[in-house]
Amino acid sequence: MQKLVTFPNEKLNLDGKAVITLTMPLHVTDVTSDKDTIQVRNLLDEASKNLKEAEVFDRDESLTLIDQVEAMREYEDELVDSDGGLVLYITTDNAYYYHVDVPPVNAVTFNQRPNLLPLIKNYQYTRNYHVLLLNQEDVRFLEKSGGQLFEIDLKKMTKTLLLHKMTH
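Residues numbered from 1 in each chain as written. Predicted model: local features only at pLDDT ≥ 70, side-chain atom pairs only at ≥ 80, totals over all residues. Heavy atoms only, no water.

Peer 1: Mind showing me how you'd approach the overall build of the protein chain here?
Peer 2: Along the protein chain, the regular secondary structure elements total 5 helices and 8 strands. Listing the helices and strands of the protein chain from first to last along the sequence gives β-β-α-α-α-β-β-β-α-β-β-β-α. When burial is assessed residue by residue, the protein chain has 37% of its 168 residues classed as buried. The contacts of the protein chain with a sequence gap of at least 6 include a subset with a gap of at least 24, amounting to 60%. (Helix = DSSP H or I, 4+ residues; strand = E, 2+ residues; numbered from the N terminus. Buried < 20%, exposed > 50% of the residue type's maximum accessible area, 1.4 Å probe, protein only. Contact = heavy atoms within 4.5 Å.)

Shown next as structure tokens:
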């Protein structure tokens, strides 16, 4: 599973592949985070049930997707650890997710391409950016992504990666 923060993103070039798209609004408070965890479980249950009962994809794809859906249960806390919303794409090979600022509706869709509408609605209003803070004693690198500001540890980052992030 991989978190994505930019859109458009090449990893979502999945036309012709079986893709399950799960979307749901998220909340930040402790009370609602339990509710969000239950909601993501319900959406995963719905996806698994539909794959078993309906002939959405061919049998082999459906069995592989069921395994992928079940594997997402291990990441429930990570998936709901944000506010705004969750957009999760599950394929036979991998899973990708976004935490978005514009809350999407609760939905599970099955198609031969990802449902990009929630991302389009979100990214038409938001922009991700980087901030380089310099002073005489310190250098800090920050990334604004998904409505939150994160500090990137420069000691762990290679020079090549830093240059790549600053040019994008």
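Peer 1: How should I be thinking about the environment of H130 in this particular structure?
Peer 2: By secondary structure assignment, the location of H130 is in strand β6 (residues 129-134). C-alpha separation for the pair H130 and L149, spaced 19 residues apart in sequence, amounts to 9.2 Å.

Peer 1: I keep staring at the pairing of strand β4 (residues 95-100) and nothing clicks. Help me out?
Peer 2: Residues in a regular strand project their side chains so that they alternate between the two faces of the sheet. Most of β4 sits out of view: 6 of its 6 residues are buried. Burial of β4 is two-sided: the residues A95, Y97 and H99 facing one way and the residues Y96, Y98 and V100 facing the other way are all buried. As defined by bridge partners, strand β3 (residues 84-91) adjoins β4 across 6 bridges and the pair is classed as antiparallel. Opposite L86, over in β4, you have H99 as the bridge partner. Count of turn residues in the β3/β4 antiparallel hairpin: 3 residues. (Pairing = 2+ DSSP bridges.)

Peer 1: Looking at this structure, I do not really get the pattern of salt bridges. What am I missing?
Peer 2: Pairing is possible between side chains of opposite charge, provided their charged atoms come close. Enumeration over the complete set of coordinates arrives at 6 salt bridges. The salt bridge partner of E76 is R41, with a shortest N-O separation of 2.8 Å. On the criterion of sequence distance, the pair formed by E76 in helix α3 (residues 76-79) and R41 in helix α1 (residues 30-53) is long-range, its members being 35 residues apart. The exposure class assigned to E76 is buried, which follows from its relative accessible area of 8%. In this structure, E151 engages R140 in a salt bridge whose closest nitrogen and oxygen atoms are separated by 3.1 Å. Taken together, the residues span a long stretch of sequence, with E151 in strand β8 (residues 148-152) and R140 in strand β7 (residues 139-145) at a distance of 11 residues. A relative accessible area of 49% places E151 in the partly exposed class. (Salt bridge = Lys/Arg side-chain N within 4 Å of Asp/Glu carboxyl O.)

Peer 1: Teacher, can you tell me more about unusual backbone geometry here?
Peer 2: Peptide bonds are, in most cases, trans, and in most cases residues other than glycine have a negative phi. Here the amide bond leading from F7 into P8 is cis, since omega sits at 0°, within 30 degrees of zero. Along the polypeptide, P8 turns up in the loop between β1 (2-3) and β2 (19-26).

Peer 1: Even after reading the chapter, I still don't get the sheet that holds β3, so can you show me in this structure?
Peer 2: Two pairing modes exist for strands in a sheet, parallel and antiparallel, and in both the strands are linked by backbone hydrogen bonds. Read across the sheet, 5 strands follow the order β1-β4-β3-β2-β5 without closing on themselves; strand pairing throughout is mixed. For this open sheet the edge positions go to β1 and β5 (107-111), each flanked by a neighbour on one side alone. Of the pairings in the sheet, the one linking β1 to β4 comprises 2 bridges and is parallel in character. Within β4, the residue paired with K3 across the bridge is Y97. Relative to β3, helix α2 (residues 59-72) is tilted by about 145°, and along the sheet it contacts β2, β3 and β4. (Axes fitted to C-alpha atoms, helices over the stretch in contact; angles between N-to-C directions.)

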